[in-house]
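Single-letter residue listing:
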Amino acid sequence: MKKMKALAKTQPAPGLELIETNIPQAGPNDLLVKVQVTSICGTDAHIYAWDAWSQSRIKPPIIIGHEFAGEVVDIGKMVGGFSKGDFISAESHIPCGYCYQCRNDQQHICGNLKILGVDTQGCFAEYAVIPAVCAWKNDKSMKPEIACIQEPLGNAVYTTLCEDVSGLNVVVFGCGPAGLFAAGVAHASGAGQVIHVIKHEFRREISKKMGSSMIIKYDDPKLVDKIIQATNGVGADVILEMTGNPAAINHGIQVLRKGGRFTAFGLSAGPEIKINFNALVFKGCRIICINGRQMYRTWYQMAGLLNSGRLDPAPVITHKFKLEEFKKAFETMKSADRQSAKIILIP
């Protein structure tokens, strides 16, 4: 069989290994894709580090990675709607299609959900197999590096636009790629004001390029006062919490106006966080929790924003590495001063 190079977790230990393995074959409901470009997710960094979550979830050997774009080169016999040569991106959530959630238009939170590159073989390779239900067809004129980050960009689109933000005061907590994308989506969608709370100074200029109108450091002692003042003493209409950090969550609750919307995307380091629950109740606010992207409503919203030219996620992409340079890529991603944002890997 023909061989390919791939980046795999070969054993239960920190790190990854560049391997040579067989090119996979498409099953009856699958597509075989020649991978053009991939990007690194925080989940991949957790797997690389082999932390407690990874140890409980990942079963080596496995090729990791779930953010990518590429060309369809083979099609399963039961698949319709795709042709060889199609330029596709992948929805990383693999639904079963028959559980309660799937039958109620909630495939993205399927009761039997699997994740590409976590529960199945992933895309950090020259070729990848994905279920056709997870393939999103792109215009061939789209830049590959933009096509491959649609999966994480979709997280920000869903988080931001689960309700309308036009004309509203939006506060984004977190300056990782998800937070930077969210600031851009809010701006592109007509938010009256986008206030971005950041931790890493390197990302300030990126935030400006994404459309933030006000940027505040997370450790500013006047953080709450500045947000309240910027919103005419009312507070934020919308909080987009992209960190999972307890301090950020509580600051978000504090600056949220009565009747506002608190949207939670970030995951915390542990399952328990102390919050001012009574403040939430008395504010009469709405709390919306986000997992992934809606299949495929979010993708259509994202396509509309990208095609309009109002949303340009390119500033968030700061580094590109060859697949063979993966060690340098992960080191750059996890550097203490975070002199990076979204990192691209090219097979």
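Each chain has its residues counted from 1, following the order in which its sequence is written. The predicted nature of this model means local features are confined to residues of pLDDT at least 70 and side-chain atom pairs, given and counted, to a pLDDT of 80 or more, with totals for whole chains, interfaces and linings taken over all residues. Hydrogens and water molecules were not included; the side-chain quantities draw on all heavy atoms of the structure.

Draft legend 1. Up close: the sheet that holds strand β12 (residues 193-198). DSSP-based pairing: two strands are paired if at least 2 bridges between them are found. Counting from the N terminus, the helices are the DSSP runs of H or I reaching at least four residues and the strands are the DSSP runs of E reaching at least two. If you walk across this open sheet you meet the six strands as β13-β12-β11-β14-β15-β16, and the pairing is parallel. Of all the strands in the sheet, just β13 (214-217) and β16 (286-289) have a single pairing partner and so form its edges. Strand after strand, the sheet turns through a mean of 20° between neighbouring axes, direction not considered. As judged from the four bridges shared by strand β11 (residues 169-173) and strand β14 (residues 236-241), these two strands associate in the parallel manner. Pairing of V172 across the sheet is with L240, part of β14. Each of β11, β14 and β15 (256-264) touches helix α8 (residues 246-255); the most contacted strand, β15, lies at about 150° to it. Note on method: axes are straight lines fitted to C-alpha atoms, helices fitted across the in-contact stretch only, with angles between N-to-C directions ranging 0 to 180 degrees. Only heavy atoms enter the contact rule, under which two residues are in contact if any of them lie within 4.5 Å.

Draft legend 2. Representation of the sheet that holds strand β2 (residues 17-22). The strand order across the open sheet formed by three strands is β2-β1-β4, and the pairing between neighbours is antiparallel. Both edges of this open sheet fall to β2 and β4 (62-63), since each of them pairs with a single strand only. Note that strand β1 (residues 3-9) and β2 share six bridges and pair antiparallel. Across the sheet, the residue bridging to M4 is T21, located in β2.

Draft legend 3. Main features of the layout of surface pockets. A volume near 260 Å³ is recorded for the second largest pocket. For the lining of the second largest pocket, the secondary structure elements donating two or more residues are β10 (135-138) and α10 (297-308). Each residue is assigned to one of three groups, with Ala, Val, Leu, Ile, Met, Phe, Trp, Tyr, Cys and Pro labelled nonpolar, Asp, Glu, Lys and Arg labelled charged, and all others, Gly among them, labelled polar. Class assignment for the residues of the lining of the second largest pocket results in seven nonpolar, five polar and four charged. A pocket, in this scheme, is an open set of points on a 1 Å grid over the protein atoms alone with protein on both sides within 12 Å along at least 5 of 7 lines, while a cavity is a set where a 1.4 Å probe fits but cannot get out; residues line either one if an atom lies within 4 Å of a point. Grid points are joined across faces, edges and corners, and a volume is the space filled by probe spheres set on the points.

Draft legend 4. Geometry of the pairing of β15. Across five bridges, β14 lies against β15 in parallel orientation. Bridged to E241 within β15 is A264. Crossover β14 to β15 through α8 is right-handed. Where β15 meets β16, four bridges bridge the pair, whose relative direction is parallel. Within β16, the position partnered with R261 by the bridge is R286. Crossover handedness is defined by viewing with both strands directed away from the observer: a clockwise path from the first strand over the helix to the second marks the crossover as right-handed. Crossover β15 to β16 through helix α9 (residues 277-283) is right-handed.

Draft legend 5. Geometry of a nonpolar patch on the surface. Residues form patches when they are more than 30% accessible in relative terms and have no salt bridge. Like charges link within 9 Å. Nonpolar side chains (Val, Leu, Ile, Met, Phe, Trp, Tyr) link within 5 Å. Only the protein chains shown count as cover for residues, and the accessible areas themselves come from Shrake-Rupley with a 1.4 Å probe. Salt bridge, as applied in this entry: a Lys or Arg side-chain nitrogen positioned within 4 Å of an Asp or Glu carboxyl oxygen. Together, I275, F277 and V281 make up an exposed nonpolar region whose accessible area comes to about 280 Å². Secondary-structure assignment places F277 in helix α9.

Draft legend 6. The packing of helix α4 (residues 150-161) against α10, seen in detail. Here α4 crosses α10 at 100°, and the two axes come no closer than 9 Å. Considering their axes alone, α4 and α10 lie roughly perpendicular with respect to each other. Contacts from Q150, E151, L153, G154, V157, Y158 and L161 in α4 reach R297, T298, W299, Q301, M302, L305 and L306 in α10. Residues of the contact of α4 with α10, tallied by class, amount to eight nonpolar, four polar and two charged. For classification purposes, an angle smaller than 35 degrees is called roughly parallel, one larger than 145 roughly antiparallel, one from 65 to 115 roughly perpendicular, and anything else oblique.

Draft legend 7. A look at the side chain of Q193. Its place among the elements puts Q193 in strand β12. Residue classification places Q193 among the buried residues on the basis of a relative accessible area of 17%. In protein, a polar contact means a hydrogen-donor-capable atom and an acceptor-capable atom, both N or O and within 3.5 Å, with residues adjacent in sequence counting only if both atoms are side-chain atoms; elsewhere, any N or O pair within 3.5 Å suffices. In terms of polar contacts, Q193 uses its side chain to reach the side chain of N169, at 2.9 Å. Ignoring any residue separated from it by four or fewer positions in sequence, one finds Q193 in contact with L168, N169, V170, S213 and A230. Exposure classes here rest on a 1.4 Å probe applied to the protein chains alone. A residue is buried below 20% of its type maximum, exposed above 50%, and partly exposed in between.

Draft legend 8. Up close: the packing of aromatic side chains. Aromatic pairs are defined between Phe, Tyr and Trp rings, using the six-membered ring for Trp, whenever the two ring centres lie within 6.5 Å; interplanar angles under 30 degrees are classed as stacked, those over 60 as edge-to-face, and all others as tilted. Summed over the entire model, instances satisfying the criterion amount to five aromatic pairs. Taking the centre distance of 6.1 Å and the plane angle of 55° together, the rings of Y296 and W299 count as tilted. Using a relative accessible area of 17% as the deciding quantity, one classes Y296 as buried. An aromatic cluster is defined as three or more aromatic residues linked by ring pairs; in this entry it consists of W136, Y296, W299 and Y300. If you follow K137 out to its NZ or CZ, it ends over the ring of F82, 5.3 Å from the centre. In this analysis the charged atom, NZ for Lys or CZ for Arg, is taken to sit over a ring once it is within 6 Å of the ring centre and within 35 degrees of the ring normal.

Draft legend 9. Representation of the pattern of salt bridges. Evaluation of the coordinates by the stated rule reveals 14 salt bridges. In this structure, the salt-bridge partner of K342 is E67, at a minimum N-O distance of 2.9 Å. With K342 in strand β18 (residues 342-346) and E67 in strand β5 (residues 67-75), this pair connects stretches of sequence that are 275 residues apart. Judged by relative accessible area, which is 3%, K342 ranks as buried. Between R293 and E91 there is a salt bridge, and its shortest N-O distance comes to 2.6 Å. Residue R293 is located in the loop between β16 and α10, and its partner E91 is located in the loop between β6 (87-90) and β7 (93-94); the two are separated by 202 residues in the primary sequence. Per residue, the accessibility class of R293 equals that of E91, and both read buried.

Draft legend 10. Examining helix α5 (residues 177-188) more closely. An expected span of 1.5 Å times one less than the residue number is assigned to each helix. In a regular helix each residue adds 1.5 Å, so twelve residues correspond to 16 Å; α5 covers 16 Å between its end C-alpha atoms and thus fits that length. Of all twelve residues in α5, ten are buried; the element is thus mostly enclosed. Taken together, the buried positions of α5 are occupied by A178, G179, L180, F181, A182, A183, G184, V185, A186 and A188. Each element contacted by the buried residues of α5 is listed here: α4, β11, β12, α6 (204-210), β14 and α10. Phi turns positive, to about 90°, at G190, one or two residues after α5.

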